[in-house]
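Secondary and tertiary structure notes
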Amino acid sequence: MSVHERIKYVSKENICKNCLNAHKGVCRSTLTCRICNSKTHNTMLHQGQTTAETLGDHAAPIKPHKPNGSINNAQNSSGCVETNPEHLLTASISYNSRQKSVILSTADIYVRSENERYKLRCLLDSASASCLLSNRACNLLNLKREPFKTYITGIGGNSQEIKARVKINISNEEETYSRNCEFLIVPRITSLIPSQKINISNIEIPNHVKLADPNFCIPGKIDMLIGSDIFFDLLKADKIRLANGNLILQESELGYVVSGKLPTEVTSKYCCVAVETNLDNAIKEFFEIESFPTDSFDSTESEEEKFCEEHLLKTHSRTKSGRYIVSLPMKENADSVLGFSRENAVKRLNGIWNKLNKK
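Residues numbered from 1 in each chain as written. Predicted model: local features only at pLDDT ≥ 70, side-chain atom pairs only at ≥ 80, totals over all residues. Heavy atoms only, no water.

1. Notes on the overall build of the protein chain
The condition is simple: Runs of E in the DSSP output that reach at least two residues are strands. Runs of H or I that reach at least four are helices, and both are numbered from the N terminus. Residue exposure (1.4 Å probe, protein chains only): buried if accessible area is under 20% of the type maximum, exposed if over 50%, otherwise partly exposed. We call two residues contacting when some pair of their heavy atoms lies within 4.5 Å. Note that accessible areas follow from Shrake-Rupley with a 1.4 Å probe, and for residues the cover is restricted to the protein chains shown.
A tally of helices and strands in the protein chain yields eight helices and 15 strands. Within the protein chain, the proportion of its 359 residues that are buried is 32%. Across the protein chain, contacts joining residues at least 24 apart in sequence account for 56% of those joining residues at least 6 apart. With the model as given, the accessible surface of the protein chain reaches about 25200 Å², and the carbon-plus-sulfur share is 51%.

Spelled out as structure tokens, the structure:
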């Protein structure tokens, strides 16, 4: 629907050109046109630049109010689902943006524990003063913890209490590099790195390059953080630049470490729905929700329920303290069902008294 057709439709249906609602008097809406900041018309009714170009890739057309329609799920042009038939206007916005994905330096490192080698994924951080190990990895390796209380402080002054540390041996896959290190135990180091999968199909990595982390572009858990005391000891001289210099392959004892940034396309979608609800239906639904089963004339009481109600009215009383007293309702065949339970209860009570008297 073109802008001219929208204006014609709004005028025909006596709808406010600013808030796109049917009302009398002056419009009290604070909305303004996002193109010219005018309060006389809505952005969807702006004449000049097309609304689709202003709002995004897609803009859903104005749909008339259908009070007698059935509830059907309909999907508009931007992927937003409409489930309520009693609406006056549905508008949706979506756009694509390109952002830079920063690749943090990760590597596979090997840890020896109880004569076995385990591979852990670590994050190389030259700005960290300590080496960290996750509690999950410590349990997996079955390491002996040494009580050690300290605090580590991060961005914004947030501190994390440390209660234990471990000493382990780390090495590369070929065991040409090995070093004993001290790690502080933390509940969790960071979230998945990277946060989303990175497309590297357009990047040609040389065949002779052995990556320290072959899965650097796939989100994965981080169980170890290598700090500055080991970070620079791992680095070597060779450096390779890819993707117009945005991606760096730095040679290290663990292999070539990937770092840098790459453009990533991110799709953001927004959906805005304006709903006009019938007041009579809303009040009716409210009373239906708040009503009790006894409020319905169709509800029926069983014979036992009637007997209990009559029994309550006949036997209840109230003491001076304000407490209510009512006798328990008993069925006609209660004595035959209970049997000799009273005699058994009396015998047990007397037996307890005899034991207490002997003591």
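Anyway, onward from the coordinates.
2. Comments concerning the pairing of strand S12 (residues 247–252)
We apply this condition: What makes two strands pair is DSSP finding at least two bridges between them.
Along S12, five of the six residues are buried, which leaves the element largely enclosed by surrounding structure. Between strand S11 (residues 235–242) and S12, which pair antiparallel in sequence order, lie four residues; one of them, alanine 243, sits at a positive phi of approximately 55°.

3. Let's talk about unusual backbone geometry
Omega for the peptide link from isoleucine 193 to proline 194 comes to -10°, which places this bond in the cis form. One can find proline 194 in the loop between strand S9 (178–186) and strand S10 (224–226). Unlike most non-glycine residues, asparagine 14 shows phi in positive territory, near 55°. Locating asparagine 14 in the fold gives a position in the loop between helix H1 (3–12) and helix H2 (51–55). Positive phi values are uncommon outside glycine, yet asparagine 142 reaches one of about 55°. For asparagine 142, the position within the fold is in the loop between helix H3 (135–141) and strand S7 (146–153).

4. A look at the nonpolar core
Keep this limit in mind: Residue types Ala, Val, Leu, Ile, Met, Phe, Trp, Tyr and Cys, when buried and joined through side-chain atoms within 4.5 Å, form a set referred to as a nonpolar core.
Counting 28 residues, the largest nonpolar core has Leu133, Ile168, Ile170, Phe183, Met224 and Ile226 as the members making the most contacts within it. Put simply, the parts of the chain that give this core at least two residues each are strand S4 (106–113), strand S5 (116–124), H3, strand S8 (159–171), S9, S10 and helix H4 (228–234). When residues in this core are grouped by element, the largest group, four residues, is from S8. The residues contacting isoleucine 170, other than those within four sequence positions of it, are Ile109, Tyr110, Val111, Tyr177, Ser178, Arg179, Cys181, Phe183, Met224, Ile226 and Ile230.

5. Some points on the state of the cysteines
Here is the rule: Note that a disulfide, as used here, is simply two cysteine sulfur atoms within 2.5 Å.
Inspection of the entire model under this criterion finds zero disulfides. No disulfide involves cysteine 16; its sulfur sits 3.6 Å from the nearest other cysteine sulfur, which is in cysteine 27. Sulfur of cysteine 19: no disulfide; nearest cysteine sulfur belongs to cysteine 27 and is 3.7 Å away. On the basis of relative accessible area, cysteine 19 is assigned to the buried category, the value being 14%.

6. Observations regarding the packing of aromatic side chains
For clarity, the cut-off: Aromatic rings from Phe, Tyr and Trp, with only the six-membered ring used for Trp, were paired whenever their centres fell within 6.5 Å, and each pair was classed as stacked if the ring planes differed by under 30 degrees, edge-to-face if by over 60, and tilted otherwise.
Inspection of the entire model under this criterion finds one aromatic pair. With a centroid separation of 5.0 Å and 85° between ring planes, the pair formed by phenylalanine 231 and phenylalanine 232 is classed as edge-to-face. By relative accessible area, which is 13% here, phenylalanine 231 ends up buried. Residue phenylalanine 232 is classed as exposed on the basis of its relative accessible area of 53%.

7. Thoughts on the side chain of serine 134
Assignment of secondary structure puts serine 134 in strand S6 (residues 132–134). Note on serine 134: relative accessible area 3%, which makes it buried.

8. Re the environment of lysine 331
Along the chain, lysine 331 turns up in the loop between strand S15 (324–325) and helix H7 (334–338). Along the backbone, lysine 331 and glutamate 304 are 27 residues apart, and their C-alpha atoms lie at a distance of 9.1 Å.

9. Considerations on the confidence of the model for the protein chain
The following threshold applies: The quantity known as pLDDT measures the predictor's confidence residue by residue, on a range of 0 to 100.
Summing up the model confidence of the protein chain, the mean pLDDT is 78 and the portion of residues at 70 or higher is 75%. This model gives residues 49–89 a pLDDT under 50, and the stretch forms 88 contacts once residues within four places in sequence are excluded.

10. Observations concerning the environment of leucine 247
For leucine 247, the location among the structural elements is in strand S12. Looking at leucine 247, the relative accessible area reads 1%, which means it is buried. Separated by 44 residues in the primary sequence, leucine 247 and isoleucine 203 have C-alpha atoms spaced 9.2 Å apart.

11. A short note on H1
Heads up, the condition is: The directions considered for the arc are those from the helix axis to the C-beta atoms.
The set of residues buried in H1 consists of Val3, Arg6, Ile7, Tyr9 and Val10. Buried residues of H1, seen end-on, are gathered within an arc of 165° and therefore sit on one face of the element. Turned more than 90 degrees from where H1 packs its buried face, His4, Lys8 and Lys12 sit exposed.

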